[in-house]
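Examining the three-dimensional arrangement
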Amino acid sequence: MKRSISIIIALIMVLLTVPNLALATNETNQDTISANEVQLIVSEHVITCINNDESCTWTTSDRCSTTNLYNLTGEVVAYFVSVIGASNKDNGYIVVCASTANPSVLEYGYAGTSPKLGHGNTCYMTMGLYYEMDGNMVINLRDSSEHRLSDMQVKFSQIWSAVQNENTVAKTQVANLKAIEKDAPAIKGGGDWGLLTSLPSGTWSDWDTLTNCALPSYYSTSDFSGTNNCGPTSGMNVLAYYKTRTGFNLLELDSSEGFGSVNNIYANLYQNMGNGGATLPSSYRTAIYNYITTRKANNSNGSGVSITRASQSITYANLKSNINNGRMTHLVIWNGLEAHYINPVSFYLFDSNSNVYTRVIDNWGNGINRYYVFRTGNTINSAISHMGYVKITA
């Protein structure tokens, strides 16, 4: 996931380069959201679906193109965002309301669900209903049924008066996204992903470290083949760590067990964590769990080994509990909306300002010699999108 093309960058390029994109001319309309706001809404929605919906077909390397949707009087009421996957194949769509009162996603679908749009201006009534005007008639693009313009104008007016009511939750979310884009370096992008080479000066009132976390030789993404491989590399480092804790050989295997080498174990994790696509956190944990379960079934020495795993709320209390109790945490962090897995092994609570730093396995070959800001004061780092743990015992 380290070097995948972010969907927000792709969308920005589309908005800048498509010459007939009316969205660019709406910047002066105070009732219509800006191009940048569309980018933020779409990007946040895509990332949420990638991380939380196993049926999601989107990836961070997809591209987007945008088409205006209209009411029957020619006003822009929404934006139809086509998601374009590998080989320029349709990978679904997102519809964003154009109203500044309700800047939200109205509907969306994954690969194979995109509706038919008109040859000219497409009129949109929400709820998957798309139309095209033909003189005094309005054509339903789904079933080709014809309706009188005068009748449809009443229906359009009723629906859009409701859709354009103020949505304070959506407005707050967009405001927060704009603040993050402006103020958070890790979200805006940059070369260091917010990782530090040392702790700041000061004293900390609480801290702890995973037992024996400095003992293993940790792997780097460059040690293995494949794209978007930070997830399986992180998984290999989870196994490397627990090898020192369980007394059970998790990585050097007899060929009779079906793996036979470190590279074969990695290949198993790689395949089951997305096989080159984005690694969902649920797939990350399940791949490690299934590997351990298979090892136990094929090796009598592993009969006493057990594994637990869970998704967690992103809180200091959970981070502290994981490290206190020997659970290897995984965080999904973002840099310009590119994602990467890191594994915290220590935490430090600074007494002067309540900032929390964590020492991490960065999975890029730096051992445990990098640090990451987990919390500033009472605010969790907004670049962290997911937190969970895996624990292997014997």
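Keep in mind that what you see is a predicted model, and the values were worked out from it rather than measured.

It is worth spelling out the confidence of the model for the chain at this point. When pLDDT is low, close inspection of the predicted coordinates is not appropriate. Of the residues in the chain, 83% have a pLDDT of 70 or more, and the chain-wide mean is 83. Every residue in residues 1-28 is under pLDDT 50, and counting partners more than four places away or in other chains gives 65 contacts. Considering only residues more than four positions removed or in separate chains, one finds that residues 183-191, a stretch of pLDDT under 50, has 22 contacts.

For the rest of this paragraph, the subject is unusual backbone geometry. Positive phi, normally seen in glycine, also occurs at asparagine 228, with a value near 50°. Positionally, asparagine 228 belongs in the loop between β10 (204-209) and α6 (230-246). Notably, asparagine 275 is not glycine yet its phi reads approximately 55°, a positive angle. With respect to the element layout, asparagine 275 can be found in the loop between α7 (262-272) and α8 (281-298).

If you walk through the whole model with that rule in mind, you get three salt bridges. A salt bridge links arginine 148 to aspartate 151; the nearest nitrogen and oxygen atoms lie 3.0 Å apart. Note that glutamate 166 and lysine 171 form a salt bridge whose closest N and O atoms lie 2.8 Å from each other.

This brings us to the sheet that holds strand β8 (residues 146-148). Pairing in this open sheet of eight strands is mixed, and the strands run β4-β3-β2-β1-β5-β6-β7-β8 from one edge to the other. A single partner strand is all that each edge strand has here, and the edge strands are β4 (105-109) and β8. With strand direction ignored, the average angle separating the axes of adjacent strands in the sheet is 35°. Relative to β4, strand β3 (residues 90-97) is paired through four bridges, and the arrangement is antiparallel. Of the residues in β4, the one forming a bridge with valine 96 is valine 105. Lying on the sheet, helix α3 (residues 149-163) is in contact with β1 (63-70), β2 (76-84), β3, β4, β5 (122-124), β6 (130-134), β7 (137-140) and β8; it crosses β8 at an angle near 85°.

This part is about the nonpolar core. Grouped together as the largest cluster of nonpolar side chains are 36 residues, with contacts concentrated most on Met236, Leu239, Leu269, Ile288, Ile292, Met328 and Ile392. What isoleucine 292 contacts, discounting residues up to four positions off in sequence, is Leu239, Leu250, Val305, Ile307 and Ile392.

It is worth spelling out the state of the cysteines at this point. As enumerated under the stated definition, the model contains zero disulfides in all. In this model cysteine 49 remains outside any disulfide bridge; the closest cysteine sulfur is found in cysteine 56, 5.4 Å from its own.

Here the focus is the pairing of β1. Two elements, β1 and β2, share eight bridges in a ladder whose sense is antiparallel. Its bridge partner being in β2, leucine 69 is matched across the sheet by alanine 78. Counted along the chain from β1 to the antiparallel partner β2, the turn is five residues long, and its residue glycine 74 has a positive phi close to 90°. The sheet contact formed by β1 and β5 spans two bridges and is parallel. Across the sheet, residue tyrosine 70 finds its bridge partner in β5, namely cysteine 123.

Attention shifts here to the environment of isoleucine 41. Secondary-structure assignment places isoleucine 41 in helix α2 (residues 35-52). Counting along the chain gives 132 residues from isoleucine 41 to glutamine 173, while the straight-line C-alpha distance between them is 8.7 Å. Once residues within four sequence positions are removed from consideration, isoleucine 41 is found in contact with Ile33, Val96, Pro103, Ser104, Val105 and Val174.

Attention now goes to α7. Listing the buried residues of α7 in full gives Ile265, Tyr266, Leu269 and Tyr270. Take α7 and look down its axis: the buried residues cluster within an arc of 135°, on one side only. Glycine 274 sits one or two positions beyond α7 and adopts a positive phi of about 130°.

As a further point, take the packing of aromatic side chains. Using the criterion set out here, one finds 20 aromatic pairs in the structure. The interplanar angle of 65° and the centroid separation of 5.7 Å between the aromatic rings of tryptophan 204 and phenylalanine 350 together place this pair among those described as edge-to-face. Here tryptophan 204, found in strand β10, pairs with phenylalanine 350, found in strand β13 (residues 338-350); they are 146 residues apart in sequence, far enough to count as distant. Owing to a relative accessible area of 32%, tryptophan 204 belongs among the partly exposed residues under this scheme. On the accessibility criterion, phenylalanine 350 (3% relative accessible area) is buried. Geometrically, the ring pair formed by phenylalanine 350 and tyrosine 357 is edge-to-face, given 5.3 Å between the ring centres and 65° between the ring planes. Aromatic ring contacts, followed pair by pair, group Trp204, Trp207, Tyr348, Phe350, Tyr357 and Tyr371 into a single cluster. One residue, arginine 309, lies across the ring of tyrosine 289, its end atom 3.9 Å from the ring centre. The ring centre of tyrosine 389 lies 4.8 Å from the NZ or CZ of arginine 327, which sits over that ring.

The rules behind these values
- Residues numbered from 1 in each chain as written.
- Predicted model: local features only at pLDDT ≥ 70, side-chain atom pairs only at ≥ 80, totals over all residues.
- Heavy atoms only, no water.
- pLDDT = per-residue confidence, 0-100.
- Contact = heavy atoms within 4.5 Å.
- Helix = DSSP H or I, 4+ residues; strand = E, 2+ residues; numbered from the N terminus.
- Salt bridge = Lys/Arg side-chain N within 4 Å of Asp/Glu carboxyl O.
- Pairing = 2+ DSSP bridges.
- Axes fitted to C-alpha atoms, helices over the stretch in contact; angles between N-to-C directions.
- Core = buried A, V, L, I, M, F, W, Y, C linked by side-chain atoms within 4.5 Å.
- Buried < 20%, exposed > 50% of the residue type's maximum accessible area, 1.4 Å probe, protein only.
- Disulfide = S-S within 2.5 Å.
- Arc of directions from axis to C-beta.
- Phe/Tyr/Trp six-rings, centres within 6.5 Å; stacked < 30°, edge-to-face > 60°.
- Lys NZ or Arg CZ within 6 Å of the ring centre and 35° of its normal.

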